[in-house]
Amino acid sequence: MLSMHGASVGYGNAPAVLREISLTVRPGRVLALTGSSGAGKTTLINAMAGLLRPRDGTVTVDGQPLRDRDHAVEQRIVLIPQDNGLAPILTAAENLQVALVADGVTPPGARRQTAAMLDLLGLAGQADQLVEELSGGQQQRTAVARGLALRGSVLLADEVTSELDAGNRQRVLELLHGEARRGAAVVFATHDPEVAAACEAELHLVEGRAEIIRD
Amino acid sequence: MLTVIWGAIAARRAQALAVLLLAVLASAAAAAAPSYVAAAGQALARYEMSTAEPNELRIRLAEGAEYPGLPTDPTRTVFTSTVMRLTPAGFDVVLGAQSGGVAAGRAGEVTSSLIFRAGVCERVAVAGACPRSTSRDQLPEVMVSTHTAARLGVAVGDRFTFAAVPVRVTGIYRPLDVTDPFWLGGELIRPATGGTPGTSIPGSAEDAIFIAEAAPLPDDDVILHRSTADLYVTEKLLDTRSMPELRAAVMKLQREGNREGFGAGTTTTSLFDRIERQRAQLADGVTLGAGLLVLLCWLVLFVAVGSAADQRRPEQGLLLLRGVQRRRLWALAIGEHAVPALVAIPLGCLGGVAAATLLAAHTLPARADVTLDANVVAFAAIGAAGALAAVLLAQARMLSAPVVDLLRRVPARVRGWRATIGDVVAVSIAAAAVVQLRSGGSPSGLALVAPVAGALAAAVLLARVAMLAGAAVGAALLARGRTAVGLALVQVARQPRFRPLIALLTVAVAMLAFTASMNELASAAYRDRAVVEVGAARVVEVDATSRSHLLTAVRKADPEGRFAMAAVVTNRLPDGGAPVLAVDSARLAAVAAPHPSYGVSFADITRAIRPDPPGEPVLLRGRLLTVVLSTTSFDTEALGGNVPRLAVTVSSADGTRVVTARPDIRPGRDEYVVQVPECVPQCRLVKMEVVAQVSWQNLAVHFEELRSGDGSADTVVLTGTQFADLKRWRGSRSDSEFSARGGASPALSLQMMEGGPPTAGISVADSPFPLPVYLTRSVGTPLGGAHPHEGVDGSPTKARVEGVADALPHLGGAGLIVDLEYADRIAVSGQSGTKEVWLAATAPADVLDRLRAQGLAILGERTITGVRQDFDRQAPALALRFNLFAALAGVLIGAAGLIAMAAAEQRTRVTMLVALRRQGLPPRAVRGGYGLPVAVAAVSGGLVTLVIWLLTRSGQRLFSDGRSPVPIPEWPDIDRLLVFAVPTVALFALTAVVLGRVIAASVRRRSGR
């Protein structure tokens, strides 16, 4: 279980972007993270992913303070970043395989899971294409495929449907909910109120402060 | 636009600085070549001057007629004013006057020259004083050499006469430096001659006698003199005037001098020819290194700027999206890079001159000034212009790409027609260069850069293969879960920009290996040729009275035969006949320097050319030789003046002499006495012949006894029995008939048949005949065959081929070697060839004094080390060193290319790796991937080296005079080659490791760990 208690998060010496944030992400639920642009959604996700250390307060995983991103990876906290975080020099399939092998999956297993997951996202035909040769939506689906393939205990998805058409957006949302049903805690940053409404919980960020809309 | 350009430069300061540095490097590389060539040209000219024959350094003008009186200063004569008018600018003029004559002193006399020569006093060490001008009431003053003083028996203050003119000795001189061209070689300081023990002081009794200006003699007609002017070639002249100019000036001088009756004689043009040839060879030779450097600089700029341009593709795409016209983008690109390229020209000039200065200081055989001239600036400008072109070419793809391509972060993997065209052009140029080089003749044009063109072509092709293979292997490794290596491979192999970098590193490795190999090969070839051409560690040219004297003197100087060997060498004949090397073969193995190219051991040669003689030599000791003869009866009255005579040939240290016995041969038994003063203490009987004008009847001459002595107590040298031992003799002529007479009074009977040859005789069979020789294979006479050649006495003879060698000491690939003693014994007369003493490295320091003590005059010497150094100072060697320097600089340029490439793509690389790290990629999998270009360069560099070695090695000039007579090794010493190759690859590998660490550190920082 991923929790934040009174966390303030910022960059360098600049004023904190998030202040006094407390929340708990529970397994089996999808928490929608909403707010206007610049409200701090990505910052909050980065803090939960171990990429940013809170100035005040704590981020814990199963009661242990989260040290950094490597610790987060160990704790199976999976991140699908806003910019997709794909290696442009690798193919779509290789991007998945590299992550899976790093996660300890055997190479044959990684190949199988990669094929299955790309097929699930409708990317079977693009598996061997370089990421740079994919469209923005295809890249976003590749990033989602990688996030899902890792089968984390916590899945942090940062606006992963922004470049998708309606059909693919629906497919991705269903897959995220499916992850929650598998038992993962899913945090999903989005601008879309309808998408947020479909989630079990919602946290709205306003000027760096969190407002729980639904829990 | 200027503001925009300035803004672009300011915004991309780092790139502008990198372009500036690399353009300076290119410009400096281009400028270094002409700077070095100019400096090395000076050094070569100075070195050629130092080794030139005296007559090559001066033009002698001499007055057509002789004038009465002692030699005097001709400064105020018409001759001098004419000489000054004719003399081209830049020549140093030494005026003089000379008379020939006999100097007679208390102890003896000598034929010499009395000479006035301006400047002589500054070039001698004088015991006493230099002569001064004298008045009528004074004796003319002279100075004589140490040797002349000894011969004449005069000291300072003494008088002697020269051509009957009394003169007074004011000084006894010794030349400070006898090799100074002022002394005109052996003209003023005459070399000693063999026969009498000498000293280490150069010169002889015939040295010039120097006089100052003297007052007119009471009778000037007793002596005549001729004015002379020696026009010397100076270093400054060679530095400032071209050789064709100088040649034309000298020819004009000769023409006009002859018209004036001055008989202008010189061989200066041969010096000019040599210098011109060496300079041309140097200029041709350094083209390879200069071409390599400039090419690498352009290539590294292409790589660096191309990589940087790739990073700016999205920015360019956005500009085009916003409606900026492409021509303005081109103008911006040109302007942004033209500024550093222009700034690079002056900096490159200075850098090039500095590099040339540094190189010149360490490689040139003589002092040389490296200067900045228009040529250097022009080459620097070419280097910078090429750099600018490379920069623009590197950006051409970006500037002409569709907007949609520009907006992609990773360029397309397939480079399309440009890359293919580039490969085709590179291969075409290389093929043309190699074909031109291998078509024979002196390399020129493209052929001069054939190795680097070949290396580039092979490198781009191998880089293409490496990229494809790297991508395939990387993908396979990723699929197999070998993430770290696979990721490192695909990071490079899927980036087209790495292809020119791989080619660059490959060329750098290959050219270093090639030039290092060529240097190594040249070094071996110089050593081999020096060993073979010299023959022994040290070879001293000597003057001896005869071959016998030479043999005896050397044997006395080295009685145990450990370090010295007498040798006589004849030159190749004009008709192409093989030259002959005659050696004291028993010492060959101990003294001569062995070499594998001979294909035979010295012991084998000695065994073959010095078998046991059929008979022992007949040695005579005493001034009288008595021959006891008996003949069949003949009518002396009827013969009149055609009575047969006995002629005896003896050989001593003074040479070979034929002595006719008196009286003529009489019928019956008689003793014939021959005066042989040279047989004290000892001489050798060569032959005895009966000589008649005509053969009028059958006649038998019986040799019954031979005695030697001074007439009072003669020693019997040969008894009748020994005469009758026919194996001791052979016919002195091929048609001489002789037989043994047995019985109670044994003797050797010589038959002269009526109507037969009028001369018949016997020679002592103290050497095998025909002479056994070892012949070089190239001459063609088979083993056991008879080989006609010119003997050591200059007369035609035939030898029996006892062995065939691939090459022989001193002679190289063509010639024959004989035993000197045997060759001397069968020699009829005469002197031919150069007399030498070969010395082993173990020869004692006083060996020359030992030789002089035996009456050998030292004329000159050469050593293996010295000859090797000479080769090392010639244009091809200097060019090879420049090329090695260029290749070493090329390695640094390669490393700079690797760094520039890494710097340009670091941001992208780090961003990607950080993204992967956030997805769980372990830290150990974060690698730079730069090891791939290095590994590929190491392997393909080796392959490329092999290719260009096989294709172009034979076209590389190692010797100024063309090919070596000694086979040049096919392959360099691999160990020595590794000395260069391993550090090069290590440097690249270290650079790759450091760059990888930098990437890893950056990724760590960005990843929060």
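Residues numbered from 1 in each chain as written. Chains lettered and ligands numbered in written order. Predicted model: local features only at pLDDT ≥ 70, side-chain atom pairs only at ≥ 80, totals over all residues. Heavy atoms only, no water.

In the nomenclature of an unreviewed UniProt entry, chain B corresponds to ABC3 transporter permease C-terminal domain-containing protein from the organism Micromonospora arborensis. The UniProt entry for chain B carries the following text under Subcellular location (unreviewed entry): "Cell membrane". (UniProt positions renumbered as here; feature names shortened; annotations may be inferred.)

Per an unreviewed UniProt entry, chain A goes by ABC transporter ATP-binding protein and derives from Micromonospora arborensis.

Much of the literature gives interface size as the accessible area that the parts lose upon coming together. Assigned domains within chain B: domain 1 (1-53 + 267-412), domain 2 (57-242), domain 3 (545-613 + 768-855) and domain 4 (618-764). One C-alpha centre belongs to domain 1 of chain B, the other to domain 3 of chain B, and the line joining them spans 57 Å. (Domains from an automatic or database assignment.)

Residue and element names in this part refer to chain B. Its location among the elements puts E56 in helix α3 (residues 54-57). In terms of polar contacts, E56 uses its side chain to reach the side chain of R274, at 2.8 Å. Excluding residues that lie within four positions of it along the chain, E56 makes contacts with V233, T267, T268, S270, L271 and R274. (Helix = DSSP H or I, 4+ residues; strand = E, 2+ residues; numbered from the N terminus. Polar contact = N/O pair within 3.5 Å; in protein donor to acceptor, adjacent residues only side chain to side chain. Contact = heavy atoms within 4.5 Å.)

Where two aromatic rings form a pair, the distance of their centres and the angle of their planes describe that pair. Residue and element names in this part refer to chain B. All told, the structure shown has 16 aromatic pairs over all chains when counted by the stated rule. The interplanar angle of 65° and the centroid separation of 5.4 Å between the aromatic rings of Y173 and F210 together place this pair among those described as edge-to-face. Placement of Y173 in strand β8 (residues 165-175) and of F210 in strand β9 (residues 209-211) is noted, with a sequence separation of 37 residues between them. Taken together, the ring pairs in this structure connect Y173, F182, W183 and F210 into an aromatic cluster. Against the face of F302 rests R497, its NZ or CZ located 5.7 Å from the ring centre. Sitting over the ring of F959, R529 keeps its end group 4.6 Å from the ring centre. (Phe/Tyr/Trp six-rings, centres within 6.5 Å; stacked < 30°, edge-to-face > 60°. Lys NZ or Arg CZ within 6 Å of the ring centre and 35° of its normal.)

Should their charged atoms come close, side chains of opposite charge can pair. Residues and elements named next belong to chain B. The final tally for this structure, using the stated rule, is 60 salt bridges over all chains. R707 serves as the salt-bridge partner of E671, at 2.9 Å between the closest nitrogen and oxygen. Here R707 lies in strand β20 (residues 699-709) and E671 lies in strand β18 (residues 668-675), a separation of 36 residues in the sequence. Put simply, R850 and D846 hold a salt bridge, and the shortest N to O gap is 3.3 Å. (Salt bridge = Lys/Arg side-chain N within 4 Å of Asp/Glu carboxyl O.)

All names here are of chain B. Together, V339, V343, L347, L350, L372 and V377 line one region of the surface with nonpolar side chains, adding up to about 480 Å² of accessible area. It is helix α10 (residues 326-363) that provides the largest number of residues to the nonpolar patch, a total of 4 residues. Relative to the helices and strands, V377 is located in helix α11 (residues 374-400). (Patch = residues over 30% accessible without salt bridge, like charges linked within 9 Å, V, L, I, M, F, W, Y side chains within 5 Å. Areas by Shrake-Rupley, 256 points an atom, 1.4 Å probe, with all protein chains shown as cover.)

Further remarks concern the interface of chain B and chain A. Taken together, the 25 residues of chain B in the interface contact 27 residues of chain A. In total, chain B and chain A occlude about 2,400 Å² of area from one another, counting both sides; carbon and sulfur atoms represent 59% of this. At the boundary of chain B with chain A, the tally comes to 2 salt bridges. With a shortest N-O distance of 2.7 Å, A:D70 and B:R917 are connected by a salt bridge. The tally of links between chain B and chain A comes to 7 residue pairs in polar contact (both at pLDDT 80 or more). (Buried area = accessible area lost by both parts, 1.4 Å probe.)

What follows concerns the sheet that holds strand β5 (residues 64-65) of chain A. Remark on secondary structure: sheet strands pair via backbone hydrogen bonds, oriented parallel or antiparallel. Residue and element names in this part refer to chain A. Taken together, the 4 strands give an open sheet; going across it, the order is β2-β1-β4-β5, and neighbouring strands pair in antiparallel fashion. Of all the strands in the sheet, the pair left with one neighbour each is β2 (18-25) and β5. The pairing of strand β4 (residues 56-61) with β5 spans 2 bridges and is antiparallel. Residue pairing in the sheet places T60 in a bridge with P65 of β5. (Pairing = 2+ DSSP bridges.)

Next up on the list: helix α15 (residues 483-493) of chain B. Counting buried positions along α15(B) yields 10 of 11 residues, so the element is predominantly enclosed. Packed against the buried residues of α15(B) are α3 (92-102) of chain A together with α14 (450-479), α16 (498-534), α25 (875-918) and α26 (931-952) of chain B. (Buried < 20%, exposed > 50% of the residue type's maximum accessible area, 1.4 Å probe, protein only.)

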